[in-house]
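As a plain string of letters, each chain reads:
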There are 2 protein chains.
Amino acid sequence: MKIEENLVSHLKLEKPAVIVDEQVCRANIRAMSNKAKSLKIELRPHFKTHRSRTIGNWFREEGIDKITVSSVDMAAWFANDGWNDITIAIPVNLREIDKINLLANKVKLGITVDNLYTMEYLSGSLSGNINIWIKLDDGSGRVGIPLDDIRLAVELAEIAGNNLNFAGFITHNGSSYKCTNSTEIKTLHNERTKKLCDFMRIIKDELPCKFILSAGDTPSCSLVNDFGCADEIRPGNFVFYDLMQYHMGVCSFNSIALAMALPVIGVYPGKIVVYGGAVHLSKESIEVNGNKVYGKVCRIEKNGFSEIEKEIFISSLSQEHGIIYTNIEHNLKPGDLIGVIPVHSCLTADMFDNYTSLNGSRIDACK
Amino acid sequence: MKIEENLVSHLKLEKPAVIVDEQVCRANIRAMSNKAKSLKIELRPHFKTHRSRTIGNWFREEGIDKITVSSVDMAAWFANDGWNDITIAIPVNLREIDKINLLANKVKLGITVDNLYTMEYLSGSLSGNINIWIKLDDGSGRVGIPLDDIRLAVELAEIAGNNLNFAGFITHNGSSYKCTNSTEIKTLHNERTKKLCDFMRIIKDELPCKFILSAGDTPSCSLVNDFGCADEIRPGNFVFYDLMQYHMGVCSFNSIALAMALPVIGVYPGKIVVYGGAVHLSKESIEVNGNKVYGKVCRIEKNGFSEIEKEIFISSLSQEHGIIYTNIEHNLKPGDLIGVIPVHSCLTADMFDNYTSLNGSRIDACK
C-alpha cells in the first residue's frame, strides 16, 4: 500500500494542534447519558478530560447537570460557567481551604476525604454547606480507606454527619486501566462491585443517615451494564477515548473523538519525523506487539478520523520531535500534516489551552 | 531516621509549584559560561528548558548574547524581550514560514534544514536574511543528514550559499541521554567528536565559503573540556539539571536548581500521596535500583534544596496523584508540603507558566 497524500488536507494549521470530532464526541456523551438513564443511575461525568466550556455545553444538551473535576481551580472555572453541582474527586488539598469556602458559597460543592486528620481539620475550617465524600480504596491502592475498615468508615461518616454535610462514599476503579482486554475489565468490575455491595450492606446497618455510593471509571462504564449498589457513575475519558482504550477493547476506532494534527518536518529512509513531542502528546506510552507506542498515525478529514491501511506508530519521542519508523511507501514531505491518535487523551488535551474542530473553529479549554 | 517536620516549611503555596533556586541556577549559568570562555568556544544556550525572560536576564548578566529555542513562538517571545541572535534548533516547520519571515526582519534568525525539498522550498519562500543551519545526524538517529553523505551536505550548503545565508552545520548528541554514567558519556562524546572532525575536514575542502560547527548537549558540555572542531555549544538542561542528570553522574545534587513543592493529600501505612501527577511532573521516568521513579523527595528550605537522610521516590503517577511507597518514620500530614526533584526538568518546567523562587517571588515563563 502507499499513502498517496497529505493525511490532513483540509485544515490550515501552522503547528501541532488537538483536533476534536464534535459529532463523535457528542455521540460518546449521548451514549453514556442514555446508558445511565436506562440503568436509572446518576451520571456525574469527569470534566478533567476536556476542561472545555464548549464541550461542557454538549453535556448540558444531553441533560447533564452535575460534574466531577480534579482541582479547585477547575471547579471555579466551571462554576463561573454556570455549573452548580460540582465534586472535586481528589483527596482535599487543605492548603486551598479558603478557595473552597469561597466556592462553596456559590455552588453545591463536594470534596473528598479519607482520613481522620483531614476530617477533623475540615470540621473546624469549613464555613459553607459542603458535601463530604468519603473515599474508599476498592483495591486499586491509590488513595482511600480500605473496604474492610468499617470502624474508620463509620467514624469518618459520623464526624462528617455531625459537623458537615455527609454525602456518601466515593471510589474509583483505577486498576481497570491496567487491564489488557475487555474480559479482564468486566471480571475486575464484577469483583469490585461485589466487594462494594458487601461494604454498603454493612455500612448501611451502621449509619442511620441517608447517603449514596459514587463509582465508575471509563473502561467499566463503557463495557458493563450492572453497577451493583452504585447510585452515581463518574467516567471522564469516554468523551474522547484514545489509543489506550481502543487497545483495551473499551471502544471502537470510530468512537475516538480526539486526534493530533502534526506537521511533518523530516522524511528519511525508513523514518518520518513530525513536529510533535512530549510537550504535545505527553510521554504516556502503551505496548503494541512488544513495541513502545506514543501514538498511532491516522487520516483526519472533514468528516472525521480514519485508519490508514497499515498500522504505523510514533515509537520514539523527545521534547518536540516524534519519530515514526516505517518502510511504508508514501509521498509525504516536510510541511504536510499527519493525524495521530494519542495514547492517553486526558494528558494530551491537558497540554493545550484550546482545541480545533474538524471545520477549523476553536474550542476553548481552561489552563 | 525520622522526618520530623514539613519538608517545605517557609513557602506559603496553595498548590503544586515549581521552585527555582536562583543562586544555584546562576552558578550553573556562570560555570558553563566560564567553561565556554576558557575554551574559546561560543555558548548559545538552549532556552527551551526555562522559557523565562527573568532567567534569560541571568544569562545576559554572564555576557550571553545568542540563544537557541525550539519553536517559532519561543523565538518571538525572546525576540520581544530584546534577544536578537536566535537559532531555532528543530528542522524548520514549513507551515510557519510567514511567521519566520516576519521575525527575520527583526532579529538575526537561524533555522535548521536537513533535506533538499525543504532547502529548495526555502530558497523560493524566504524574504529576510535568515541563517541556514544544515542539520547533521552524528549517530543519534533522530533527524539530520548522515555524516558520510558528503555529496548531500555539499549540495545543501551550495543551495543555501547561493540563495540564502549559509551559517554552518549543527548537530545534537541526543544519544548521551541514554548513557548510564559519566564514563559512557565521555566515551560517546569523544567518538562523536572524532567523526564530526573528520566530516569538517572533508567538507572544508569541498566548500570554499566560511561556516561553523554548532554542537553540544548538557551531559557532554558538563563533563568534557574538548569539543574538537565545534565552534559553538548549545546545552540547555544545565540551567536546572534534574534527577536524570544526577543519576547519570552529570551533576551533583547541589547543582540541581529546580524542584517541585507538592501538597501532601494522604498518609497511609507504608504510603504517602501527594497532589502532583503527570500534569505537573510529566510522565518521564528513570529506573533506580530496578524501580521506576518519577521524582525524588527532598527538603526545600530558604537557602536551597537538600537531600533527606533516606532516599524516597515518587514511584507511581496518575493524572494528579503521585504515590510514595515508604516505611520511613515521619510525621507528615495532609496539608504539609514536600519537595520533589523531577526526573526531567525541561518537561516539568514546561507544564507551568511561572515558577516560584526560594523567597516566594514569581519567575515568569512563556506558554
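Here the structure is a predicted model, which means the values were calculated and not measured.

1. Some words on the overall build of chain A
The helix and strand inventory of chain A stands at 11 helices and 24 strands. The C-alpha radius of gyration of chain A comes to 22 Å, within 12% of the 21 Å expected for a compact globule of 367 residues. The dimensions of chain A, computed from C-alpha atoms along their principal axes, are 70 × 40 × 35 Å. Taken across its 367 residues, chain A has 64% of its residues classed as buried.

2. Overview of the pairing of strand 6 (residues 108-113) of chain B
All names here are of chain B. Most of strand 6 is tucked away: five of the six residues are buried. By the bridge criterion, four bridges tie strand 5 (residues 85-91) to strand 6 in an arrangement that is parallel. Pairing of Thr 87 across the sheet is with Gly 110, part of strand 6. Between strand 5 and its parallel partner strand 6, the chain crosses via helix 4 (residues 97-104), and the hand of that crossover is right-handed. Assessed by its sense of winding, the connection that carries the chain from strand 6 through helix 5 (residues 116-125) to strand 7 (residues 131-137) is right-handed.

3. Let's talk about unusual backbone geometry
Positive phi, normally seen in glycine, also occurs at A:Arg51, with a value near 55°. By secondary structure assignment, the location of A:Arg51 is in the loop between strand 3 (42-43) and helix 2 (53-60). Its identity is not glycine, yet B:Asn289 carries a phi of approximately 50°, on the positive side. Summarising the element assignment, B:Asn289 is placed in the loop between strand 14 (286-288) and strand 15 (291-293). Exposure remark for B:Asn289: the relative accessible area of 71% places this residue in the exposed category.

4. Regarding the packing of aromatic side chains
Evaluated as defined, the whole model comprises 22 aromatic pairs over all chains. Taking the centre distance of 6.1 Å and the plane angle of 85° together, the rings of B:Phe240 and B:Tyr355 count as edge-to-face. Separated by 115 residues along the polypeptide, B:Phe240 in the loop between strand 11 (232-233) and helix 9 (243-247) and B:Tyr355 in strand 23 (residues 354-357) bring together distant segments of the chain. With respect to burial, B:Phe240 and B:Tyr355 carry one shared label: buried. Grouped by ring-pair contacts, the aromatic residues A:Phe47, A:Phe59, A:Phe78, A:Trp83 and A:Phe238 constitute a single cluster. The residue whose ring lies beneath B:Arg60 is B:Trp83, and the NZ or CZ to ring-centre distance is 4.2 Å. Of note, B:Lys271 hangs over the ring of B:Tyr268, and the distance from its end group to the ring centre comes to 4.7 Å.

5. Considering the relation of the copies chain B and chain A
In screw terms, the move from chain B to chain A is a rotation of 180° and a rise of 0.0 Å along the axis, fitting with an RMSD of 0.0 Å. What the rotation and shift describe, once combined, is the action of a two-fold rotation axis. The C-alpha atom lying nearest the rotation axis in chain B is that of B:Lys283; the distance is 2.7 Å. The fraction of interface residues of chain B whose copies in chain A are also interface residues reaches 100%, indicating that both copies meet through the same surface.

6. Observations concerning the side chain of B:Ser282
Residue and element names in this part refer to chain B. Position of Ser 282 among the secondary structure elements: in the loop between helix 10 (278-281) and strand 14. A distance of 3.1 Å separates the side chain of Ser 282 from the backbone nitrogen of Glu 284, its partner in a polar contact. Sequence-distant contacts of Ser 282, that is, excluding residues within four places in its chain, are made with Gly 277, Leu 317, Leu 347 and Met 351.

7. Thoughts on the interface of chain B and chain A
Taken together, the contacts link 50 residues of chain B with 50 residues of chain A. Taken together, both faces of the contact between chain B and chain A bury some 4500 Å²; the carbon and sulfur share is 51%. In terms of surface lost to chain A, no three residues of chain B exceed B:Arg95, B:Arg142 and B:Gln319, which account for 16% of the buried area on that side. The interface formed by chain B and chain A includes eight salt bridges. Here chain B and chain A share 26 residue pairs in polar contact (both at pLDDT 80 or more) between them. Those elements giving two or more residues to the side of chain B that touches chain A turn out to be strand 5, helix 5, strand 12 (258-268), strand 13 (271-275), helix 10, strand 20 (321-325) and helix 11 (345-350) of chain B. In terms of residue class, the side of chain B that touches chain A is made up of 22 nonpolar, 11 polar and 17 charged.

8. Looking at the pattern of salt bridges
Overall, the coordinates contain 48 salt bridges over all chains when judged by the stated rule. For B:Glu232, the salt bridge identified is with B:Arg44, shortest N-O distance 3.1 Å. Of this pair, B:Glu232 sits in strand 11 while B:Arg44 is found in the loop between strand 3 (42-43) and helix 2 (53-60), placing the two residues 188 residues apart along the sequence. Taking the relative accessible area as the measure of exposure, B:Arg44 reaches 4% and is therefore buried. A network of salt bridges, in which partner residues are shared, links A:Glu14, A:Lys15, B:Asp73, B:Glu96 and B:Lys99.

9. Quick word on the confidence of the model for chain A
Low pLDDT means the predicted atomic positions in that stretch should not be read closely. On average, residues of chain A score 95 in pLDDT, and 99% of them are at 70 or above. Model confidence for the complex is summarised by a pTM of 0.96, with the ipTM given as 0.95.

10. Some remarks on the state of the cysteines
Residue and element names in this part refer to chain A. Counting across every chain of the model gives zero disulfides over all chains. The thiol of Cys 221 is not disulfide-bonded; the next cysteine sulfur, from Cys 346, is found 13 Å away. Overall, Cys 221 belongs to the buried group, its relative accessible area being 0%.

11. Comments concerning the packing of helix 6 (residues 150-163) of chain B against helix 7 (residues 182-206) of chain B
Residues and elements named next belong to chain B. Running from N to C, helix 6 and helix 7 point in directions that differ by 50°, and their axes come no closer than 11 Å. The orientation of helix 6 with respect to helix 7, classified from their angle, is oblique. By crossing handedness, the relation of helix 6 to helix 7 is classed as right-handed. For the pair formed by helix 6 and helix 7, the contact residues are Ile 150, Ala 153 and Val 154 on the first element and Phe 199, Ile 202, Ile 203 and Glu 206 on the second.

Definitions and cut-offs
Residues numbered from 1 in each chain as written. Chains lettered and ligands numbered in written order. Predicted model: local features only at pLDDT ≥ 70, side-chain atom pairs only at ≥ 80, totals over all residues. Heavy atoms only, no water. Helix = DSSP H or I, 4+ residues; strand = E, 2+ residues; numbered from the N terminus. Rg over C-alpha atoms; globule rule 2.2 N^0.38 Å. Buried < 20%, exposed > 50% of the residue type's maximum accessible area, 1.4 Å probe, protein only. Pairing = 2+ DSSP bridges. Right-handed = clockwise from strand over helix to strand, strands pointing away. Phe/Tyr/Trp six-rings, centres within 6.5 Å; stacked < 30°, edge-to-face > 60°. Lys NZ or Arg CZ within 6 Å of the ring centre and 35° of its normal. Least-squares fit on C-alpha atoms with pLDDT ≥ 70 in both. Contact = heavy atoms within 4.5 Å. Polar contact = N/O pair within 3.5 Å; in protein donor to acceptor, adjacent residues only side chain to side chain. Buried area = accessible area lost by both parts, 1.4 Å probe. Salt bridge = Lys/Arg side-chain N within 4 Å of Asp/Glu carboxyl O. Nonpolar A, V, L, I, M, F, W, Y, C, P; charged D, E, K, R; others polar. pLDDT = per-residue confidence, 0-100. Disulfide = S-S within 2.5 Å. Axes fitted to C-alpha atoms, helices over the stretch in contact; angles between N-to-C directions. Parallel < 35°, antiparallel > 145°, perpendicular 65-115°, else oblique. Left-handed = near helix turned anticlockwise from the far one by under 90°.

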